[in-house]
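Overview (structure and organization)
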Amino acid sequence: MADIDGGSTAAGSRREPAPRKRADARRNEATLLDAAAAAFVASGVDVPVREIAARAGVGVGTIYRHFPTRADLIVAVYRHQVETCAEAGPTLLAAAGTPYAALARWIDLFVDFLVTKHGLAEALQSDNAAFQTLHAYFLDRLVPVCAHLLDAAAAAGEIRTDLSAVELMRGVGNLCVGAADSRYDARRMVEILVAGLSVR
């Protein structure tokens, strides 16, 4: 019965630090993955692990402990970027002044993700089995978020209603191709696209 009731105060105290450690571990892993994503964008997926470790402020051994192979790290970076973008949708909708503003800010985050994704493109197109389910994961997580933002902005009478989430995301993706070319401002082109959605 002691276990069902949660045990004694002392036992409960002994168990309390575990969630904090897990939260710290998640934050540390997020920091590492953000550093890896930045390194991939700057130097490609073959960037030396020591450079990623330096960006993250950890030892090389820490990276290998979490991600034994480069493929493991690439998959983790991709999934982390997708989750960050997906989780931002509801947060922006709740915090932004209007649904259209939330949509515009989310698209800006989506562009950030696409820049990272293009940095991973060569690796993701390989025959490595670890990468085969990532595109479906990307669609499953992000299309509903984009659709929800579009629906909210359309319901508020702020944007045109004849565009689907897949169409918008594909259009943004196409505009981001070639973003590495300093003569081409992909973000500006996406801003023009998003401005064109407005009915005002």
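Residues numbered from 1 in each chain as written. Predicted model: local features only at pLDDT ≥ 70, side-chain atom pairs only at ≥ 80, totals over all residues. Heavy atoms only, no water.

Quick word on the pattern of salt bridges
- Under the criterion given, the structure shown has six salt bridges.
- Put simply, Glu83 and Arg141 hold a salt bridge, and the shortest N to O gap is 2.8 Å. You can see Glu83 sitting in helix α5 (residues 70-95) and its partner Arg141 sitting in helix α7 (residues 134-155), a full 58 residues away along the chain.
- Arg141 gets classed as partly exposed once you look at its relative accessible area, which sits at 29%.
- Put simply, Asp112 and Arg187 hold a salt bridge, and the shortest N to O gap is 2.6 Å. One end of the pair, Asp112, is in helix α6 (residues 99-124); the other, Arg187, is in helix α9 (residues 186-197), and 75 residues separate them in sequence. (Salt bridge = Lys/Arg side-chain N within 4 Å of Asp/Glu carboxyl O. Helix = DSSP H or I, 4+ residues; strand = E, 2+ residues; numbered from the N terminus. Buried < 20%, exposed > 50% of the residue type's maximum accessible area, 1.4 Å probe, protein only.)

Quick notes on the packing of α5 against α7
- The geometry of α5 relative to α7 is characterised by a closest axis approach of 10 Å and an angle of 15 degrees between their N-to-C directions. With respect to their mutual orientation, α5 and α7 come out roughly parallel. As α5 runs across α7, the sense of the crossing is left-handed. Residue-level contacts link Val75, Tyr78, Arg79, Val82, Glu83, Cys85, Ala86, Gly89 and Leu93 of α5 to Leu134, His135, Tyr137, Phe138, Arg141, Leu142, Val145, His148, Leu149 and Ala152 of α7. (Axes fitted to C-alpha atoms, helices over the stretch in contact; angles between N-to-C directions. Parallel < 35°, antiparallel > 145°, perpendicular 65-115°, else oblique. Left-handed = near helix turned anticlockwise from the far one by under 90°. Contact = heavy atoms within 4.5 Å.)

Considerations on the nonpolar core
- In terms of nonpolar packing, the biggest core is built from 55 residues, with Leu73, Trp106, Ile107, Phe110, Leu142 and Val172 touching the most fellow members.
- Those elements giving two or more residues to this core turn out to be α2 (17-43), α3 (49-56), α5, α6, α7, α8 (165-176) and α9.
- At 12 residues, the largest contribution of residues to this core is made by α5.
- When near neighbours in sequence (up to four residues on either side) are disregarded, Phe110 contacts Cys85, Phe138, Leu142, Met169 and Val172. (Core = buried A, V, L, I, M, F, W, Y, C linked by side-chain atoms within 4.5 Å.)

Thoughts on the confidence of the model for the protein
- Summarising the model, the protein shows a mean pLDDT of 84, and 84% of its residues fall at 70 or more.
- Looking across the protein, the model is least confident in helix α1 (residues 9-15), with a mean pLDDT of 44, and most confident in α7, with 95.
- Ignoring residues within four places in sequence, the model shows residues 1-18, a span with pLDDT below 50, making three contacts including any to other chains. (pLDDT = per-residue confidence, 0-100.)

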